[in-house]
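Okay, here's what each chain looks like letter by letter:
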Amino acid sequence: MPIEVNEQGWVLTTHRTAYAFGINQAGLLTHRYWGVRLPRLDDYPVAPSYAEKVSFYEPLTLTPEEYPPYGGARFVDPCLKVSFADGVRDVVLRFESFDVREGDVPELLIHLRDTFYPFRVTLHYRVHAAYDLVERLVTVQNDGDTPITLERIWSAQWHLPAHENYRLMHVTGRWYDEMYLRREPLVQGIKVLESRRLTTSHHHNPWFAVDDGSARESSGAVYFGLLAWSGNWKLSAEMTDFGSTRVNIGLNDWDFAWRLAPGDTFATPSSFAGYSDGGFGRASRSLHDFIRDTILPHRPVVHKVLYNSWEATEFAVDERSQIELARHAAKMGIELFVLDDGWFHGRNDDTAGLGDWWPDERKFPHGLGTLIAQVNALGMDFGLWVEPEMVNPNSDLYRTHPDWGIHFPTRARTTARNQLILNFGRTDVQEYIIAQLNRLLSENRIAFIKWDMNRNVSEPGWPDAPGDPRELWVRHVEGLYHVWSTLRERHPDVIWQSCSGGGGRADLAILRLADQVWVSDNTDAAARLAIQEGYSHIFPANTMEAWVTDVGRERLSLAFRFHVSMCGSLGVGGHLLHWTPEQRTEAAHWIALYKEIRHIIQFGDQYRLRSPQEHPFSAVQYVSKDRSEGVLFAFRTHMPPPAPVGPLYLRGLDPEAQYEIEGLDGIRSGLAWMHVGLQLVLKDFDSTVRRIWRR
Ligand code: GLA
């Protein structure tokens, strides 16, 4: 039973783990346990209670509450902060009742209510047993007749067992340089990670992994989690001076307020978290399986090898240039041809056109139809780039509706890349964009859309906002979800890609809409190794679109560039007309090989054998779910000689079964490949791909 209840409280059990909480003697909803699943309900500790011994050791500060509000003598970072209409800003929550909802994903609802104000808080816990994940979110309701202002409302506080030397792993980066893994000790105080950019951001991702400093890729205890949200978010990892460590995660309270009118409810996004006793590798494989099986819109779909013409033709697109590229692409085995920026009304460079989503009459006098027909005749699907939340001041849309942009009326509107952001919180804006894109999708055979977002917000104003203008941060993102999901419903076969100047919008909420993510605008394969590794801690390889381009070709062979991109959902983005016939033939070879192995990469288990962020000789392995086949990629960038490199120890094989590895002599047991390992020799900027077969 995934949700068990006894007099000590509730225990949520997954395949390998358990999460327990209960009501302590003071009536507070208190955390009890999170870790490996225990045999008996009585094995789980009781909810701890604290009496005042010293006035400065407040029981409310000492108690590991599941969802502490701001109120009383509590000095931990609270999850909830509200102002009532009479100016009181103190919340006192009492447990009222609980419900269990059975189903594929069983849910426990804990109903809390303020002791004085008609304000209800419901904590939702959903158990994803097969993936060892617990999902949490919170809904609140105003049952009174005066408004309540929400000033902070996080999704969860995740408590870790008492330990003094926790280490937080997270990712940092910037445009063109995303997803660097950082590990840092959690000491007394609060470590904050956040986005204030209206989008998930290149700089941090709402994901964490915490261990006691001893976990490795394939061993040790790791607590990990994330927030499914594509707007401003905040993670606050607090270690108190009383030895308690907790990770809060939710909507960012920076510049945030939400007016909860009488009768209104508000729901937070979901946070998902899990415990792995198999190191960072198992933690990410849990997330990969979960995302592939339950989050992605087109679940078991094999991603096609695509060609994107952006780096070849940039804004200089027309029917002729695209067809020339498409002919070469088709001959190489490409399955999907994507026309990027530059195709729509008035778009010759980045100064104009955004907002006017119809084909440029000069570049495409017959519309997109003839180009699409030719691409289809070559045996490929057709895909298109859009950036729907954006508007150039130089566009018909902006000239007609200057008030649709996010702005403060008394301030200049800062442009970035010459563009402004449309306020997707407004229903008129949502309807306009839905109509524009719906027409495009209805009139043309479009199989794939790349949805981009190329700037972050400034002057976040909303004149005439229906509620508090600071609701923009949430309403814009909800509007985005509404527009995108409406289009998805009307065009269910279209595959969408999420892009925000590369990896600026990669998160679990966007993956409910998009099957693929453009991980970085940096397509240098050596740099990409590191970016792809960081990404792999959170997201599965099938979501990771990776193109082979001309960047770095002076030092990186075509094979190296292909091998790097084959670790995800393969694409090509180089200027094919500049490639020699031999290069195009070689590309066709790698594409054909990729098609043979992509089911292992896209749907198998991923094992990071040696980190490219830590070592210039790195390796990653994928194993099919039935362990009958695998594929190993190894890469060497620059290593000063002599360059001693230890063996690579494979992972994930059936220890009893016999395996052969391409290019290596002998058939050995899975156990041997995993414990004796194998030695590969590579020169600088060399790489290899080896198939693995069970014999
Ligand atoms: C962003 C994307 C690129 C490309 C350009 C087009 O930078 O990340 O891949 O689509 O926009 O303007």
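S.K.: Got a minute to help me understand the overall build of the chain in this structure?
M.R.: Summing up its helical and strand segments, the chain has 12 helices and 36 strands in all. Taking 2.2 N^0.38 as the reference for a compact globule, 695 residues should give roughly 26 Å; the C-alpha atoms of the chain span a radius of gyration of 26 Å, in line with that estimate. The principal-axis extent of the C-alpha atoms belonging to the chain is close to 80 × 70 × 45 Å. Taking all 695 residues of the chain together, 62% fall into the buried category. Sequence separation of 24 or more characterises 68% of the internal contacts of the chain that already satisfy a separation of 6 or more.

S.K.: Honestly, the packing of aromatic side chains in this entry has me stumped. Any pointers?
M.R.: Ring pairs (aromatic) are described by centroid distance and by the angle formed between their planes. For the structure shown, the criterion picks out 37 aromatic pairs. Where Phe344 meets Trp357, the ring centres are 4.4 Å apart and the plane angle is 50°; that geometry is what we call tilted. With a gap of 13 residues between them, Phe344 in the loop between strand 22 (336-339) and helix 5 (369-377) and Trp357 in the loop between strand 22 and helix 5 connect regions that are remote in the sequence. The class for Phe344 is buried, based on a relative accessible area of 0%. Both rings, one in Phe633 and one in Phe635, keep their centres 6.4 Å apart while their planes meet at 5°; by these two values the pair is stacked.

S.K.: What's the story with helix 2 (residues 279-295) in this structure? I'm lost.
M.R.: In an α-helix, one full turn covers 3.6 residues, which means residues spaced three or four apart are oriented alike. Helix length check: helix 2 (17 residues) gives 23 Å between terminal C-alpha atoms against 24 Å at 1.5 Å per residue, within 8%. Counting buried positions along helix 2 yields 14 of 17 residues, so the element is predominantly enclosed.

S.K.: Explain the sheet that holds strand 4 (residues 29-36) to me, please; I cannot follow it from the model alone.
M.R.: The strands that make up a sheet are held in pairs by hydrogen bonds between backbone atoms, and each pair lies either parallel or antiparallel. Taken together, 4 strands build an open sheet; the order of strands is 1-2-3-4 and the sheet is antiparallel. Edge positions in the sheet fall to strand 1 (3-6) and strand 4, since each has one partner strand and no second. Adjacent strand axes in the sheet meet at a mean angle of 15° when their direction is disregarded. Bridging between strand 2 (residues 9-13) and strand 3 (residues 17-23) involves 4 bridges; their strand directions are antiparallel. Its bridge partner lying in strand 3, Leu12 is registered against Tyr19.

S.K.: Looking at this structure, how should I read the site of the ligand?
M.R.: Taken together, 13 residues sit near the ligand, with Asp340, Asp341, Arg417, Lys450 and Asp521 positioned nearest. Between Arg417 and the ligand, the recorded distance is 2.9 Å, taken from a side-chain N or O atom to an oxygen atom. Separating an oxygen atom of the ligand from a side-chain N or O atom of Asn454 is a distance of 3.1 Å. Contact with the protein chains covers 94% of the free accessible surface of the ligand, which is 300 Å².

S.K.: What am I meant to see in the domain arrangement of the chain here?
M.R.: Under the domain assignment used here, the chain contains domain 1 (69-295), domain 2 (306-387 + 439-454 + 484-604) and domain 3 (609-694). Here domain 1 and domain 3 have C-alpha centroids that lie 38 Å from each other. With both sides pooled, the region where domain 1 packs onto domain 3 buries about 370 Å², and carbon together with sulfur makes up 31% of that total. If you sort the residues of domain 1 by the area they bury against domain 3, Leu181, Ser218 and Asp289 come out on top, with a joint share of 57%. Between the two partners, domain 1 and domain 3, sit 4 residue pairs in polar contact (both at pLDDT 80 or more). It is strand 12 (residues 177-185) that contributes the most residues to the side of domain 1 that touches domain 3, 4 residues altogether. In terms of residue class, the side of domain 1 that touches domain 3 is made up of 3 nonpolar, 1 polar and 3 charged.

S.K.: Can you walk me through the side chain of Arg426 in this structure?
M.R.: With respect to the helices and strands, Arg426 occurs in the loop between strand 25 (420-421) and helix 7 (427-443). Given the relative accessible area of 18%, Arg426 is considered buried. Here Asp403 takes part through its backbone oxygen, which lies 3.4 Å from a polar atom of the side chain of Arg426. Side chain to side chain, Arg426 and Asp428 meet in a polar contact 2.7 Å long. The residues touching Arg426, leaving out its near neighbours within four places in the chain, are Asp403, Trp404 and Trp462.

S.K.: How do you make sense of the pairing of strand 11 (residues 167-174) when you look at a structure like this?
M.R.: Consecutive residues of a regular strand have side chains that alternate between opposite faces of the sheet. Strand 11 sits mainly inside the fold: 7 of its 8 residues count as buried. Strand direction decides the pairing type here: strand 11 and strand 12, joined by 7 bridges, are antiparallel. For His170, the partnering residue across the bridge sits in strand 12 and is Arg182. The turn linking strand 11 back onto strand 12 is made up of 2 residues, and Tyr176 within it adopts a positive phi angle of 75°. With 3 bridges joining them, strand 11 and strand 14 (residues 207-211) adopt antiparallel strand pairing. Across the sheet, residue Arg167 finds its bridge partner in strand 14, namely Asp211.

S.K.: For this particular structure, what's the right way to read a nonpolar patch on the surface?
M.R.: Together, Val54, Phe56, Tyr57 and Phe242 make up a nonpolar patch on the protein surface, roughly 420 Å² of accessible area in all. Its place among the elements puts Phe242 in the loop between strand 16 (233-239) and strand 17 (245-251).

S.K.: Explain the environment of Ile433 to me, please; I cannot follow it from the model alone.
M.R.: Counting through the fold element by element, Ile433 comes out in helix 7. What makes Ile433 buried here is its relative accessible area of 0%. Considering only alpha carbons, one finds Ile433 and Val548, 115 residues apart in sequence, at a separation of 32 Å. Those residues in contact with Ile433 that lie beyond four places of it in its chain are Trp357, Pro388, Leu422, Phe424 and Val483.

What counts and how
Residues numbered from 1 in each chain as written. Predicted model: local features only at pLDDT ≥ 70, side-chain atom pairs only at ≥ 80, totals over all residues. Heavy atoms only, no water. Helix = DSSP H or I, 4+ residues; strand = E, 2+ residues; numbered from the N terminus. Rg over C-alpha atoms; globule rule 2.2 N^0.38 Å. Buried < 20%, exposed > 50% of the residue type's maximum accessible area, 1.4 Å probe, protein only. Contact = heavy atoms within 4.5 Å. Phe/Tyr/Trp six-rings, centres within 6.5 Å; stacked < 30°, edge-to-face > 60°. Expected span 1.5 Å × (residues − 1). Pairing = 2+ DSSP bridges. Axes fitted to C-alpha atoms, helices over the stretch in contact; angles between N-to-C directions. Near = heavy atom within 4 Å. Polar contact = N/O pair within 3.5 Å; in protein donor to acceptor, adjacent residues only side chain to side chain. Areas by Shrake-Rupley, 256 points an atom, 1.4 Å probe, with all protein chains shown as cover. Domains from an automatic or database assignment. Buried area = accessible area lost by both parts, 1.4 Å probe. Nonpolar A, V, L, I, M, F, W, Y, C, P; charged D, E, K, R; others polar. Patch = residues over 30% accessible without salt bridge, like charges linked within 9 Å, V, L, I, M, F, W, Y side chains within 5 Å. Salt bridge = Lys/Arg side-chain N within 4 Å of Asp/Glu carboxyl O.

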